[in-house]
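Each chain is listed here by its residues.
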Amino acid sequence: MARRASGTAEVFTEAVDDVEQTVRAIGPRLKALRAELGLSLQQMSVIADVSAASIHKIERGEMVPTITTLLKLASALHRPLSYFVDEPGDAGEIGRAHV
């Protein structure tokens, strides 16, 4: 039984690590896309109806966006939600679908 419990713990630990890696990737992806589109924090704030301070904190990894905030950002940038949470190369990052 101890072996099975250990295996379950390893799977759980890997899943948590995957989630943390996904969350850490949101900010850099947001910042890179905003820069690619030539938008200032203030412009992005107006377009997405999210405060510039929140966007800045998300980009720096100091804040994890709520699902509502992430949906607003994705919609404003004409990207699917998956753009921010899928691994690079996944189907969600290929297209420019609207949320």
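Structure shown above.
Residues numbered from 1 in each chain as written. Predicted model: local features only at pLDDT ≥ 70, side-chain atom pairs only at ≥ 80, totals over all residues. Heavy atoms only, no water.

**Re the overall build of the chain**
A count of helical and extended segments in the chain gives 5 helices and 0 strands. The order of α-helices and β-strands along the chain, N terminus first, is α-α-α-α-α. Within the chain, buried positions represent 29% of all 99 residues. Accessible surface computed for the chain: about 6,500 Å², of which carbon and sulfur atoms make up 57%. (Helix = DSSP H or I, 4+ residues; strand = E, 2+ residues; numbered from the N terminus. Buried < 20%, exposed > 50% of the residue type's maximum accessible area, 1.4 Å probe, protein only. Areas by Shrake-Rupley, 256 points an atom, 1.4 Å probe, with all protein chains shown as cover.)

**A word on unusual backbone geometry**
Most peptide bonds take the trans form, and the phi angle of most residues other than glycine is negative. Look at Asp-49: it is not a glycine, yet its phi comes out positive at around 60 degrees. For Asp-49, a relative accessible area of 59% puts it in the exposed group. Backbone geometry places His-78, a non-glycine residue, at a positive phi of 55 degrees. Residue His-78 is classed as partly exposed on the basis of its relative accessible area of 42%.

**Looking at the packing of helix H2 (residues 41-48) against helix H3 (residues 52-59)**
One way to put it is that H2 packs onto H3 with a least axis distance of 8 Å and a crossing angle of 110 degrees. Classified by the interaxial angle, the pair formed by H2 and H3 is roughly perpendicular. In the packing of H2 onto H3, the handedness of the crossing is right-handed. Contacts between H2 and H3 involve Leu-41, Met-44 and Ser-45 from the former and Ala-52, Ile-55, His-56 and Glu-59 from the latter. When grouped by side-chain class, the residues that make up the contact of H2 with H3 number 4 nonpolar, 2 polar and 1 charged. (Axes fitted to C-alpha atoms, helices over the stretch in contact; angles between N-to-C directions. Parallel < 35°, antiparallel > 145°, perpendicular 65-115°, else oblique. Left-handed = near helix turned anticlockwise from the far one by under 90°. Contact = heavy atoms within 4.5 Å. Nonpolar A, V, L, I, M, F, W, Y, C, P; charged D, E, K, R; others polar.)

**Remarks on the pattern of salt bridges**
On inspection of all chains with the given rule, the structure shows 3 salt bridges. A salt bridge links Lys-72 to Asp-49, with the nearest nitrogen and oxygen atoms 3.6 Å apart. In this pair, Lys-72 sits in helix H4 (residues 67-76) while Asp-49 sits in the loop between H2 and H3, placing the two residues 23 residues apart along the sequence. Exposure remark for Lys-72: the relative accessible area of 31% places this residue in the partly exposed category. The shortest N-O distance in the salt bridge between Arg-60 and Glu-62 comes to 2.9 Å. Judged by its relative accessible area of 53%, Arg-60 is exposed. (Salt bridge = Lys/Arg side-chain N within 4 Å of Asp/Glu carboxyl O.)

**Observations concerning the environment of Leu-70**
With respect to the helices and strands, Leu-70 occurs in helix H4. The exposure class of Leu-70 is buried, given its relative accessible area of 6%. Counting along the chain gives 15 residues from Leu-70 to Val-85, while the straight-line C-alpha distance between them is 9.9 Å. Setting aside chain neighbours within four positions, we find Leu-70 in contact with Ile-26, Pro-65, Leu-81, Phe-84 and Val-85.

**Some points on a nonpolar patch on the surface**
On the surface, Val-19, Val-23 and Val-64 cluster together into a nonpolar patch covering about 240 Å² of accessible area. Mapped onto the elements, Val-19 comes out in helix H1 (residues 2-36). (Patch = residues over 30% accessible without salt bridge, like charges linked within 9 Å, V, L, I, M, F, W, Y side chains within 5 Å.)

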